[in-house]
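# Structure assessment
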Amino acid sequence: MIRPAMMIAAAAVFLAAAPAGARSQEHHGHASAAHAHADFASDRLHVMVEGEGQDVILIPGLSSSPEIWQGTVDRLGDGYRIHRVHVNGFAGASAGANAEGPVAAPVAEEIARYIADQGLERPAVIGHSMGGTIAMMLAARHPDAVGRLMVVDMVPFMGAMFGPPGTTAESVAPTADQVYAAQSGSPREAYLAQAEQTIIGMIQTESEREGPLRHSRDSDQQVSAAAFRELIVTDLRPELSAITAPTEVLYVKFNDPRMTPEITDMIYQMSFQTLPGAELTRVDDAAHFIMLDQPDLFAERVRAFLD
């Protein structure tokens, strides 16, 4: 009985969140005099750095821009050096090496290289949605590189929501292939319309929707379709035990009326049972973009997490 609702929830939260635009643009979204691009050459990402103090890496989700963290950064104030990752192919950044093959896993490796290259000492890492997947990959595969880990509204195996109980990465691969074919081949206008409706459901606060809608329109359709397929077939549950960083998971009730808060809690508890030290916290009165719907509460949780 739970499984169909989980599939609906997964579709509502993630499926059409892949961007509608097939354009690959050269501009890099939000920038101001307060930001500087890190001196780090990569064909998969670039990083905006601001502030001084404790190092914090922020990773946005599928087709999202580093802009989504602006309210959080503003509320945190001084005492932090913020490193905002912009994944190539998303929100106006040219696709680069992300134009072919997987996206999340190579980006996680590039962030590990960035940490070493910049001489960062076990920074805190916070990832939203697909950014949460990347953050978990980073913390599991490079445990000495991450000081603290926060995952925002993401489970370690999204593919479980697309199949029956006992679904594995291998068994869900045909479904992932079908999803990829539909997303990558969808006509632009149809894709735009679907993405718009989904994003509206992912953000309760109407005034906060314009930015993510723009990020989606300005993203590369092929990159996001490939990244979404990768998320479906990536099962990080066996790797969670390798994570040594203190971990906090913030999440919201699945976006389906049949999915009660209690059922959502159970799903998250089961999903993270291989990381028994993780602190799981449900945030009410918010949708997928918690930082936009509950900005003050989210910033408070982030500050407590960092301190």
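Refer to the structure presented above.
The structure contained in this document is the topic of the report that follows. Just so you know, these numbers come straight off a predicted model, no measurement behind them. (Residues numbered from 1 in each chain as written. Predicted model: local features only at pLDDT ≥ 70, side-chain atom pairs only at ≥ 80, totals over all residues. Heavy atoms only, no water.)

## Some points on the pattern of salt bridges
The line we're drawing: Just to be clear on terms, a salt bridge is a Lys or Arg side-chain nitrogen sitting within 4 Å of an Asp or Glu carboxyl oxygen. Elements are defined by DSSP. Helices are runs of H or I of four residues or more, strands are runs of E of two residues or more, and each kind is numbered from the N terminus.
The full count for this structure, using the stated rule, is 14 salt bridges. As a salt-bridge pair, Arg 258 and Asp 256 come within 3.2 Å of each other at their nearest N and O atoms. In this structure, Arg 301 and Glu 279 form a salt bridge, with 3.3 Å as the shortest nitrogen-oxygen distance. Of the two residues, Arg 301 sits in helix α11 (residues 295-306) while Glu 279 sits in strand β8 (residues 279-282), which places them 22 residues apart along the sequence. Put simply, Glu 67, Glu 210 and Arg 214 are held in one network by salt bridges that share partners.

## A short note on the sheet that holds strand β7 (residues 247-251)
Defined as follows: For two strands to count as paired, DSSP must find a minimum of two bridges between them. Here, two residues are considered to be in contact whenever any of their heavy atoms come within 4.5 Å of each other. As a rule, the C-alpha atoms of each element are fitted with a line to give its axis, helices using only the stretch in contact, and angles between N-to-C directions run from 0 to 180 degrees.
Pairing within the open sheet is mixed, and its 8 strands lie in the order β1-β2-β4-β3-β5-β6-β7-β8. The strands lining the two open edges of the sheet, one partner per strand, are β1 (36-37) and β8. Sheet topology note: the β7/β8 ladder contains 4 bridges and is parallel. Residue pairing for β8: Leu 250 is matched across the bridge by Thr 281. Strands β3 (53-59), β4 (79-87), β5 (124-128), β6 (148-152), β7 and β8 of the sheet are contacted by α11, whose axis makes an angle of about 160° with β6.

## Some words on unusual backbone geometry
What counts is decided by this rule: Note on exposure labels: buried denotes an accessible area under 20% of the residue type's maximum, exposed denotes more than 50%, and partly exposed covers the range between, all computed with a 1.4 Å probe on protein chains only.
One non-glycine residue, Ser 63, lies in positive phi territory at about 60°. Its place among the elements puts Ser 63 in the loop between β3 and α2 (70-76). The phi dihedral of Arg 122 falls on the positive side, at around 45°, and the residue is not glycine. In this fold, Arg 122 is placed in the loop between α3 (104-117) and β5. What makes Arg 122 partly exposed here is its relative accessible area of 39%.

## Quick notes on the pairing of β4
With respect to burial, β4 is a largely interior element, 7 of its 9 residues being buried. Judged from the 6 bridges that link them, strand β2 (residues 45-50) and β4 form a sheet pairing that is antiparallel. The residue of β4 that forms the bridge with His 46 is His 86. Relative to β4, β3 runs parallel, the two sharing 6 bridges.

## Thoughts on the environment of His 142
Stated formally: A 3.5 Å cut-off defines polar contacts: any pair of N or O atoms within that distance qualifies, except that in protein one atom must be a possible hydrogen donor and the other a possible acceptor, and neighbouring residues in sequence count only when both atoms are side-chain atoms.
With respect to the helices and strands, the residue His 142 is situated in the loop between α4 (130-141) and β6. Among the residues examined, His 142 registers a relative accessible area of 26% and is labelled partly exposed. Sequence separation between His 142 and Ala 112 is 30 residues; the distance between their C-alpha atoms is 7.0 Å. Here His 142 is in contact with Glu 109, Ala 112 and Met 137, once residues within four sequence places are set aside. Looking at His 142, its side chain comes within polar contact range of the side chain of Glu 109, at 2.9 Å.

## With respect to the nonpolar core
In plain terms, the rule: Definition of nonpolar core: a set of buried residues of the types Ala, Val, Leu, Ile, Met, Phe, Trp, Tyr and Cys, connected through side-chain atoms within 4.5 Å.
Counting 63 residues, the largest nonpolar core has Ile 111, Met 130 and Leu 149 as the members making the most contacts within it. A per-element tally of this core places α4 first, with 8 residues. Discounting chain neighbours no more than four positions away, the residues touching Leu 149 are Val 125, Ala 135, Met 136, Ala 139, Ile 243, Ala 245, Pro 246, Thr 247, Glu 248 and Phe 305. One finds Trp 69, Val 73, Met 150 and Ile 203 within the second-largest nonpolar core, a separate group that totals 28 residues.

## A word on the packing of aromatic side chains
Under the convention used in this document: Centres within 6.5 Å make a pair out of two Phe, Tyr or Trp rings, where for Trp the six-membered ring is used; the pair is then stacked when the planes are under 30 degrees apart, edge-to-face when over 60, and tilted otherwise. Ring-over charges, as used throughout, are those where CZ of Arg or NZ of Lys falls within 6 Å of the ring centre and within 35 degrees of the ring normal.
Taken as a whole and judged by the stated rule, the model has 6 aromatic pairs. Measuring from ring centre to ring centre gives 6.3 Å for Tyr 268 and Phe 272, while their planes differ by 10°; the resulting arrangement is stacked. Taken together through their ring pairs, the aromatic side chains of Tyr 251, Phe 254, Tyr 268 and Phe 272 make up a single cluster. One residue, Arg 148, lies across the ring of Phe 305, its end atom 5.2 Å from the ring centre.

## Brief notes about α11
The cut-off we apply is this: For a helix, the expected span equals 1.5 Å multiplied by the residue count minus one. When we speak of the arc, we mean the arc of directions from the helix axis to the C-beta atoms.
Counted at 1.5 Å a residue, the expected span for α11 with its 12 residues is 16 Å, and the 16 Å between its end C-alpha atoms agrees. Here α11 has its buried residues at Phe 298, Ala 299, Val 302, Phe 305 and Leu 306. Buried residues of α11, seen end-on, are gathered within an arc of 120° and therefore sit on one face of the element. Exposed side chains of α11 directed beyond 90 degrees from the buried face belong to Glu 300 and Ala 304.

In short, the description is geometric, and any link to function would need to be established separately.
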